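Examination of the molecular architecture
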Amino acid sequence: MSTHTRRLTVAQALVRFLSVQYTERDGVRHRLIAGTWGIFGHGNVAGIGQALLEAGEQAMPFHQGRNEQAMVHAAVGHARQLDRLSAQAVTTSIGPGATNLVTGAALATVNRIPVLLLPGDYFATRAADPLLQQLEHPSEADVSVNDTLRPVSRYFDRVTRPEALIPSALNAMRVLADPVETGAVTLALPQDVQAEAYDWPEEFFAERVWPVRRPAPDPAEVREALTAIRAAERPLIVAGGGVHHSRAEQALKELVDATGIPVASTQAGKGALRHDHPADLGGIGHTGTEVSDDIARTADLVIGVGTRYTDFTTASGTLFRHPDVRFVNLNIAAFDAHKLAARTLVCDARAGLEALLEGLSGHRVDSGYEAGYRAGKARWEQVVEAALTAADDTGVPTQTQVLGALDAVVGDDDVVINAAGSLPGDLHKLWRARGRRQYHLEYGYSCMGYEIPAAIGVQQAAPGTPVWALVGDGTYLMMPTEIVTAVQERLPVNLVLLQNHGYASIGGLSETVGGERFGTAYRYRAADGTFSGDPLPVDLAANAGSLGMDVLRAKTVRELREALAAARASDRPTCVYVETDTAGPAAPPAAAWWDVPVAETASREAAVRAREEYDRQAAGRRRHL
C-alpha cells in the first residue's frame with residue numbers, strides 16, 4: 001500500500017472521490033455520480049460549495065436548483081432514464097434545506113432509484129451550539145433534523161470525523177450501484193467537518209468500478225417455474241419497472257413471441273412491449289385496461305417480472321380471482337419475489353427471462369386462449385381510438401383528447417413524464433407506448449411536482465430527446481420553480497399544462513367515496529362557505545412565461561395539435577397551455593377496484609351509499625397464501 005497522501009478538506013476529498021466512481025454492466029461503463037445539484041447556505045457554501053468550485057466542471061458538473069425537493073426529482077429522472085447506472089448528487093445547507101430533501105428521498109427509495117444526498121449538518125465539535133436553524137432536542141443531543149432522512153434512505157451516515165468519510169463513502173457507492181439495495185443514500189456532513197483538512201491516502205482517489213451484476217436464477221427455481229408455466233392453462237405476465245431497469249425488453253418479447261403468453265404492465269413497466277404487439281394487453285389493475293383486468297381475473301398463473309405488486313396492480317387484493325391462481329415472481333430482490341406466496345426466481349430480469357425462454361422451448365399457450373385475449377385487445381383498441389380522437393377539431397379538447405393530440409405528435413423516442421392527478425389513470429389505460437423509455441410515470445410515490453424537474457433530469461441524461469412534462473393546474477402550483485433551471489441551462493423541455501380548475505383526480509375520487517368533492521375545486525367561496533363560486537382568475541400560462549418559457553395557448557383541438565408540433569420543433573423550453581373541457585367525455589371508467597376506506601357511519605346520503613359499495617367490493621378481497 002502506498003504511503004503517499006494528499007491534504008484536502010473533507011468536502012474536497014469527497015468531491016474528488018465521487019469524480020472517479022463508475023458503474024459497469026455488460027461491458028459498458030458509466031460515471032456513477034454524473035453531476036451535483038445544489039442550493040447553498042451557511043451549512044454547505046464554504047465546504048461542499050468551495051470544493052465544487054475548486055474541482056471544476058470537468059471533474060464534477062454543477063447544476064443550480066431552485067427547490068431542494070425538486071433537485072432530488074431531477075436526479076431521479078436522470079437516473080431512471082439511464083437504467084439506474086448513473087446517478088446525481090444533491091447538496092443542501094442545514095435546516096429547511098435539508099428537510100426539504102425528505103419527500104424526494106422517499107420518492108427515490110420507494111421507486112428503487114439511486115440518488116446521493118449531501119445535506120449539511122450541525123457542528124460536530126459543538127463549538128457553536130445552537131447554530132442558526134438547529135433543532136435542540138432536550139434528551140438526545142446527537143439528533144439533528146437530518147435524522148428525518150433515516151427512514152427514507154437505503155443508507156445513512158453522519159460523518160463526524162474526517163477519516164470516517166472513507167468507509168462511509170465506499171458504502172454509499174456500494175448501495176447506489178446495487179440493483180437490490182439502491183435508493184436514496186444520505187451522507188450528512190457537519191459544516192465544520194466539511195472544511196476540516198486531513199491527509200488522505202492516494203488510494204482513496206483511485207478510479208473504482210462498481211459492477212452492476214446480472215445474477216442468474218437458481219437452477220432448482222427455474223425447474224419449478226417451468227413446471228408451473230407448462231401446467232398453466234391461462235398464464236399472464238405482469239411486467240414491472242424491473243424489465244426496463246434490466247433492459248430486458250427484448251428478452252421479454254422473445255419469450256412472448258415463442259410462448260404466446262400475454263403481458264399486462266404496471267405503471268413502471270408500461271412499454272415493456274410495444275403497444276401494437278399482439279400480446280400486449282396494456283396497463284393492469286385499478287387504472288388498467290378492460291382486457292388486462294379480464295384476463296387477470298381468470299389467470300391461473302401470474303408471472304410477475306420486476307414488479308412490487310402495489311395495491312393499484314392487485315386492485316387491493318381483488319383482481320386475481322381464479323380459485324387456484326398461483327404466482328411465479330421473477331425479481332432481483334428476494335423481498336419482492338416472495339410476495340403473494342409465490343414461487344421465486346431471484347435473479348436479474350433479463351437473465352431470468354432468457355432462462356425461461358430456453359426451458360420453454362416448444363411450449364405455447366392454447367390457441368383458444370391466445371385468440372381470446374387478442375380479440376379482447378382489438379376491442380379495447382377501438383375504445384382507445386374513440387377516446388383519443390376528437391370528432392370536431394374546433395371544439396375545446398377533453399383531457400383524453402389532449403393525450404390523443406400528443407400521441408399524434410411524439411416520436412418513438414420521445415419521453416412523456418407524469419406522476420400525479422387524473423393523468424396517470426388516463427395514461428395507463430390509453431397511452432400507446434412505442435419506445436422502451438417513452439412512458440415515464442412516477443407512480444410509486446405519485447408525487448405532485450415531480451414532472452418538471454424530472455423532465456430536466458431526463459433531458460440531461462438524453463440530450464436531443466424531446467421530453468414532455470404533463471401537469472394539471474394543481475400539480476403545476478406545487479412546484480413550477482425548476483422552469484427557471486430549464487431556461488438557465490437552455491434545456492428544451494416541453495410542458496403541457498392543463499387547466500381544469502382544481503384537483504380533478506381527488507375530486508373524482510371524493511365523489512365516489514362520499515366526500516362530495518369537498519375542498520377539491522379551485523374556485524371562490526360561495527355564500528354557503530364552500531368553494532363552489534366562479535373559477536379563480538389565475539393565469540398559469542402567464543406565470544410560466546414570467547419564468548422564462550415560451551408559451552403557446554391552445555383553445556381548440558386543432559390549435560392544440562399545432563402548438564404541440566411547434567413545441568417539439570423548438571429549441572427552447574416551451575409551455576403548451578390548454579383549458580380542458582371537463583364536462584366532455586372522460587376516459588373509460590376503472591375496470592378494477594381500489595381500496596380507499598369509506599366512513600363506516602355518516603349522516604350524509606352520499607357517504608352512506610359509498611359505504612354500501614365499499615363493503616360490497618371489500619368482500620372480494622383475498623389473501624394469496
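For the structure, check the block above.
Definitions and limits used
Residues numbered from 1 in each chain as written. Predicted model: local features only at pLDDT ≥ 70, side-chain atom pairs only at ≥ 80, totals over all residues. Heavy atoms only, no water. Helix = DSSP H or I, 4+ residues; strand = E, 2+ residues; numbered from the N terminus. Buried < 20%, exposed > 50% of the residue type's maximum accessible area, 1.4 Å probe, protein only. Contact = heavy atoms within 4.5 Å. Phe/Tyr/Trp six-rings, centres within 6.5 Å; stacked < 30°, edge-to-face > 60°. Lys NZ or Arg CZ within 6 Å of the ring centre and 35° of its normal. Expected span 1.5 Å × (residues − 1). Arc of directions from axis to C-beta. Polar contact = N/O pair within 3.5 Å; in protein donor to acceptor, adjacent residues only side chain to side chain. Salt bridge = Lys/Arg side-chain N within 4 Å of Asp/Glu carboxyl O. Pairing = 2+ DSSP bridges. Axes fitted to C-alpha atoms, helices over the stretch in contact; angles between N-to-C directions. 1 Å grid on protein atoms, 1.4 Å probe; cavity = no way out; pocket = protein on both sides within 12 Å on 5 of 7 lines; lining within 4 Å. Points joined across faces, edges and corners; volume = space filled by probe spheres on them. Nonpolar A, V, L, I, M, F, W, Y, C, P; charged D, E, K, R; others polar. Core = buried A, V, L, I, M, F, W, Y, C linked by side-chain atoms within 4.5 Å.

Across its full length, the protein chain carries 24 helices and 23 strands. Along the first, second and third principal axes, the C-alpha set of the protein chain runs to 70 × 70 × 55 Å. Counting the 625 residues in the protein chain, one finds 57% classified as buried. In the protein chain, the proportion of contacts linking residues at least 24 apart, taken out of those at least 6 apart, comes to 76%.

This part covers the packing of aromatic side chains. Inspection of the entire model under this criterion finds 12 aromatic pairs. When the ring of Tyr309 is compared with that of Phe327, the centres are 6.2 Å apart and the planes differ by 85°; the resulting orientation is edge-to-face. Remark: Phe327 occurs in strand 16 (residues 326-331) and Tyr309 occurs in the loop between strand 15 (301-305) and helix 12 (311-314); sequence separation between them is 18 residues. Classification of Tyr309 as buried rests on a relative accessible area of 9%. Above the ring of Tyr439, the side-chain terminus of Lys270 is found at 5.6 Å from the ring centroid. We note Arg553 situated over the ring of Tyr577; from NZ or CZ to the ring centre the distance is 5.6 Å.

Okay, helix 8 (residues 219-231) next. Given a rise of 1.5 Å per residue, 13 residues ought to cover 18 Å, and the 18 Å separating the end C-alpha atoms of helix 8 matches this to within 8%. Residues of helix 8 that are buried include every one of Val222, Ala225, Leu226, Ala228 and Ile229, and no others. Looking straight down helix 8, one finds its buried side chains confined to an arc of 165°; they lie on one side. When the buried face of helix 8 is taken as reference, the exposed residues oriented beyond 90 degrees from it are Arg223, Thr227 and Ala231. As for helix 8, its buried residues are in contact with strand 15, strand 16, strand 17 (343-346) and helix 14 (349-359). The backbone nitrogen of Ala220 lies 2.9 Å from a side-chain oxygen of the residue at the head of helix 8, namely Asp218.

Along an α-helix, residues three or four positions apart point the same way, because every turn accommodates 3.6 residues. Counting buried positions along helix 16 (residues 399-409) yields 10 of 11 residues, so the element is predominantly enclosed. Taken residue by residue, helix 16 has Gln399, Thr400, Gln401, Val402, Leu403, Gly404, Ala405, Leu406, Asp407 and Val409 as its buried positions.

Looking now at the pattern of salt bridges. The final tally for this structure, using the stated rule, is 40 salt bridges. Between Asp26 and Arg214 there is a salt bridge, with the nearest N and O atoms lying 2.8 Å from each other. Here Arg214 lies in the loop between strand 11 (208-211) and helix 8 and Asp26 lies in the loop between strand 2 (21-25) and strand 3 (28-31), a separation of 188 residues in the sequence. A salt bridge links Glu511 to Arg517, with the nearest nitrogen and oxygen atoms 3.1 Å apart. If you follow the salt bridges from partner to partner, you end up with Arg274, Asp276, Glu385, Asp407, Asp412, Arg432 and Arg434 in one network.

If you trace the 6 strands from one edge of the open sheet to the other, you get 14-13-12-15-16-17, paired in parallel fashion. Both outer strands of the open sheet, strand 14 (280-283) and strand 17, are each paired with one neighbouring strand and no more. Each neighbouring strand pair of the sheet contributes to a mean axis angle of 20°, computed without reference to strand direction. Of the strands in this sheet, strand 15, strand 16 and strand 17 touch helix 8, which is tilted by about 130° from strand 17.

If you walk through the whole model with that rule in mind, you get 3 cavities of 30 Å³ or more. Lining the largest cavity, in full, are Asp473, Leu477, Gln499, His501, Tyr522, Leu536, Val538 and Leu540. Among the residues forming the lining of the largest cavity, the class breakdown is 5 nonpolar, 2 polar and 1 charged. Along its surface, the second largest cavity is lined by Ser265, Gly269, Lys270, Gly271, Ala272, Leu273, His275, Asp280, Gly282, Trp431 and Ala433. Split by residue class, the lining of the second largest cavity holds 4 nonpolar, 5 polar and 2 charged.

Right, let's talk about the environment of Asn67 for a bit. Its place among the elements puts Asn67 in the loop between strand 5 (62-64) and helix 3 (68-81). If we skip the residues at most four places from it in the chain, Asn67 touches Ile39, Met479, Thr481 and Glu482.

Moving on to unusual backbone geometry. Residues other than glycine predominantly adopt negative phi, and peptide bonds predominantly adopt the trans conformation. Residues Asp129 and Pro130 are joined by a peptide bond in cis, for which omega reads 5°. Along the chain, the position of Pro130 falls in the loop between strand 7 (115-121) and strand 8 (155-158). In the Ramachandran plot, Gln133 falls in the positive-phi region, its phi being about 75° despite a non-glycine side chain. Unlike most non-glycine residues, Arg490 shows phi in positive territory, near 55°. As for its position among the elements, Arg490 is in the loop between helix 20 (483-488) and strand 21 (494-499).

The strand order across the open sheet formed by 3 strands is 3-2-11, and the pairing between neighbours is mixed. At either margin of the open sheet sits one strand with a lone partner, and together these are strand 3 and strand 11. On average, each strand axis in the sheet is inclined to that of its neighbour by 35°, with strand direction left out of account. Pairing analysis gives 4 bridges linking strand 2 to strand 3, with the strands arranged antiparallel. Looking at the pairing, Tyr22 lines up with Arg31 of strand 3. The strands touched by helix 6 (residues 165-177) are strand 2 and strand 11; relative to strand 11, the strand with the most contacts, the crossing angle is about 35°.

In this section: the side chain of Thr398. Secondary-structure assignment places Thr398 in the loop between helix 15 (367-388) and helix 16. The buried category is assigned to Thr398, whose relative accessible area is 3%. Looking at Thr398, its side chain comes within polar contact range of the side chain of Thr400, at 3.1 Å.

If you look at the biggest cluster of nonpolar residues, it comprises 82 residues, and the most contacted ones within it are Leu236, Ile237, Leu252, Leu356, Trp468, Leu470 and Leu564. The element contributing the most residues to this core is helix 15, with 6 residues. When residues no more than four places from it in sequence are discounted, the contact partners of Leu564 are Ala405, Leu406, Val409, Trp468, Val496 and Val576. The next biggest cluster of nonpolar side chains, apart from the first, holds 48 residues, and it includes Ile39, Ile113, Val467 and Ala486.

Further remarks concern the side chain of Thr313. Its place among the elements puts Thr313 in helix 12. The exposure class assigned to Thr313 is buried, which follows from its relative accessible area of 5%.

Topologically, Arg523 is positioned in the loop between helix 21 (504-512) and helix 22 (540-546). Given the relative accessible area of 31%, Arg523 is considered partly exposed. Those residues within four positions of Arg523 in sequence are excluded, and the remaining contacts are Phe531, Ser532, Gly533, Asp534, Pro535 and Leu536. There is a polar contact of 3.1 Å between the side chain of Arg523 and the backbone oxygen of Gly533.

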